[in-house]
Amino acid sequence: MSDATSCPQSDDGVGPSADPLALRPGAITLAATPIGNMGDVTDRLRRALATADIIAAEDTRRLRALAQRLDVETRGRVIAFHEHNERDRAPELLEAARDGRRVLVVSDAGMPSVSDPGYRLVQAAVQVQVPVTVAPGPSAVLTALALSGLASDRFCFEGFLPRKPGERRRALESLTTQERTMIFLESPRRVHDALVTMAEVLGGERPAALCRELTKTHEEVLRATLGELAALTDGGALGEIVLVVAGADRADADPADAAVAEAAKTAFTHAMQITTVFALVLIAASAAVVWRVIPSPRPDRSIEARCSGPRMRRCAGSTGRSGRAVSSRGWPARSAGRECRTGCR
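Cut-offs used in this document
Counting restarts for each chain, with residues numbered from 1 along the sequence as it is written. In view of the model being predicted, local features appear only for residues whose pLDDT reaches at least 70, and side-chain atom pairs are presented and counted only at 80 or more, with totals across whole chains, interfaces and linings using the full set of residues. With hydrogens and water excluded, all non-hydrogen atoms of the structure serve as input to the side-chain values. Secondary structure counts use DSSP, requiring at least four H or I residues in a row for a helix and at least two E residues in a row for a strand, with both numbered from the N terminus. The buried label goes to any residue with under 20% of its type's maximum accessible area, the exposed label to any with over 50%, and the partly exposed label to all in between, with areas taken from a 1.4 Å probe on protein chains only. Contacts are assigned to residue pairs that have any heavy atoms within 4.5 Å of one another. Surface accessibility in these figures is a Shrake-Rupley result with a 1.4 Å probe; residues are shielded only by whichever protein chains are displayed. Pairs of N or O atoms within 3.5 Å make up the polar contacts considered here, provided that, within protein, one atom can donate a hydrogen while the other can accept it, and that residues adjacent in sequence are counted only when both atoms are side-chain atoms. What counts as a salt bridge is simple: a side-chain nitrogen of Lys or Arg found within 4 Å of a carboxyl oxygen of Asp or Glu. Two strands are counted as paired when DSSP detects at least two bridges linking them. The angle between two axes is taken between their N-to-C directions and runs from 0 to 180 degrees, where each axis is a line fitted to C-alpha atoms and a helix contributes only its stretch in contact. Definition used in this section: a nonpolar core is a set of buried Ala, Val, Leu, Ile, Met, Phe, Trp, Tyr and Cys residues joined via side-chain atoms within 4.5 Å.

A. Here's a closer look at the overall build of the chain. When helices and strands are counted, the chain shows eleven helices and twelve strands. With 345 residues in all, the chain has 36% of them scored as buried. Counting contacts in the chain only where the partners sit at least 6 residues apart, residues at least 24 apart contribute 69% of the total. As displayed, the chain has an accessible area near 20,900 Å², and 52% of this comes from carbon and sulfur atoms.

Structural data, given as structure tokens:
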């Protein structure tokens, strides 16, 4: 039995390839870049920057600075690819991939398409069946979640909150019943206002974590309630920030549902009590009916006795038909073929 993991990927993006670090010709590769620590650069990213035919970068100047720090020479054509021109650039990149070129997409930090350009390109590539792959790497979202100390089995990424206060409040109000851990990206200039609104809408006692400058020299993680974090950021904050907020407690997720559930439980209990009483009454009534219907035991009238004793008379004499012997009181003889008390048979 062969091990599938031992087979490197092919140059055409489908079958095996001789070099697992090589970019796939005729495919689009999304490559993650460091979020602060250059030591997180992978060999695959180095090779991709050096061998790509086209590099679509969120900021071309930052890309060249990254390549210089890595001592990598980019031989392919570098083009700008950001949120303002992503839709217009997508057809060009798809056509290049169709022509067999190696297309590399990078953002300023982290993974493209995760709150960065790339989503529309991937969507368009899927529609026209152009292969898309990924070169994994650092992620601010997952790094903050791991450091937050909050539940990580179920979480959702909400990206940046709206800048306008009214829209931001409405966005948070739609998350009041969200039970998953929530992850937000926020600007240092707006983080205090965002935390104040979170405390008002989600509750000041809701656990949260403020993660700033992740993987960098001045990395810091503040774990506290939303109310406490709002107070701590009153004087502002520095660096790139990720907010991780605990989800709503199940009891607090939807008070209406909790009330309905409690009412249903009470109704069920009452129904069970009524059903039990009704069942007991029915059993008692059934017993009374059965007591009246079932006759009392009577002697066996099928027994025949042939007796001519003075205390016995022929049944034929009294009934004229059966020929069974009956006592003077009208009951059949107790046994057949036995002597009566007078000794006759």
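B. Representation of the environment of Thr143 within the structure. Relative to the assigned elements, Thr143 resides in helix H5 (residues 140-148). Residue class for Thr143 comes out partly exposed when judged on its relative accessible area of 23%. Separated by 108 residues in sequence, Thr143 and Ile35 place their C-alpha atoms 10.0 Å apart. Here Thr143 is in contact with Ile35 and Leu214, once residues within four sequence places are set aside. In terms of polar contacts, Thr143 uses its side chain to reach the backbone carbonyl oxygen of Ser139, at 2.6 Å.

C. Main features of the pattern of salt bridges. Using the criterion set out here, one finds nine salt bridges in the structure. Arg62 serves as the salt-bridge partner of Asp108, at 3.7 Å between the closest nitrogen and oxygen. Of this pair, Asp108 sits in the loop between strand E4 (102-106) and helix H4 (119-128) while Arg62 sits in helix H2 (residues 60-69), and the two are 46 residues apart along the sequence. A relative accessible area of 46% places Arg62 in the partly exposed class. The shortest N-O distance in the salt bridge between Arg169 and Glu200 comes to 2.4 Å. Placement of the pair is Arg169 in helix H6 (residues 165-173) and Glu200 in helix H7 (residues 191-202), with a sequence separation of 31 residues. Residue classification places Arg169 among the partly exposed residues on the basis of a relative accessible area of 32%. Connected through salt bridges with shared partners, the residues Arg77, Arg89 and Glu92 form a single ionic network.

D. View of the environment of Leu66. For Leu66, the position within the fold is in helix H2. Taking relative accessible area as the criterion, Leu66 reaches 11% and is therefore assigned buried. Through-space distance from the C-alpha of Leu66 to that of Thr33 is 9.0 Å; in sequence the pair is 33 residues apart.

E. Structural view of the sheet that holds strand E8 (residues 207-212). Taken together, five strands build an open sheet; the order of strands is E6-E7-E10-E8-E9 and the sheet is mixed. Lying at the two open borders of the sheet, with one neighbouring strand each, are strand E6 (155-160) and strand E9 (220-225). With direction set aside, neighbouring strand axes in the sheet form an average angle of 20°. In this structure, E6 lies alongside strand E7 (residues 181-186), joined through five bridges in parallel fashion. Within E7, the residue paired with Gly159 across the bridge is Phe184. Against the sheet, H5 engages E6, E7, E8, E9 and strand E10 (241-245), with an angle of about 50° to E10.

F. Inspection of the sheet that holds E4 at higher detail. Strand order in this open sheet of five strands is E3-E2-E4-E1-E5, and the pairing throughout is parallel. A strand with exactly one partner marks an edge of an open sheet, and here the two such strands are strand E3 (77-80) and strand E5 (132-135). Strand-to-strand, the axes of this sheet are offset by a mean angle of 25°, without reference to chain direction. Relative to E3, strand E2 (residues 54-57) is paired through four bridges, and the arrangement is parallel. Looking at the pairing, Ala57 lines up with Ala80 of E3. Where H2 meets the sheet, its contacts fall on E2, E3 and E4, and the angle it forms with E3 comes to roughly 140°.

G. A look at unusual backbone geometry. The backbone phi angle of Asp71 is positive, close to 60°, even though this residue is not glycine. Within the secondary structure layout, Asp71 lies in the loop between H2 and E3. With a phi angle near 70°, Thr215 is a residue other than glycine that sits in the positive phi range.

H. Representation of the pairing of E10 within the structure. The buried fraction of E10 amounts to five of the five residues, a majority that puts the element mostly inside the structure. Alternating positions in E10 separate into two faces, Ile241, Leu243 and Val245 on one and Val242 and Val244 on the other, with burial throughout. For E7 and E10, the ladder comprises five bridges, and the chain directions are antiparallel. The residue of E10 that forms the bridge with Glu186 is Ile241. Across five bridges, E8 lies against E10 in antiparallel orientation.

I. The environment of Asp59, seen in detail. With respect to the helices, strands and loops of the structure, Asp59 is situated in the loop between E2 and H2. A distance of 3.0 Å separates the side chain of Asp59 from the backbone nitrogen of Arg61, its partner in a polar contact.

J. Spatial organisation of the nonpolar core. Phe184, Leu195, Met198, Leu202, Leu226, Leu243 and Val245 are the most contacted members of the largest nonpolar core, which has 23 residues in total. Of all the elements in the fold, those that place two or more residues in this core are E7, H7, E8, helix H8 (226-232) and E10. The dominant element in this core, judged by the number of residues it contributes, is H7, at seven residues. Filtering out sequence-adjacent residues up to four positions away, Met198 remains in contact with Leu161, Leu172, Phe184, Gly203, Leu226, Leu243 and Val245.

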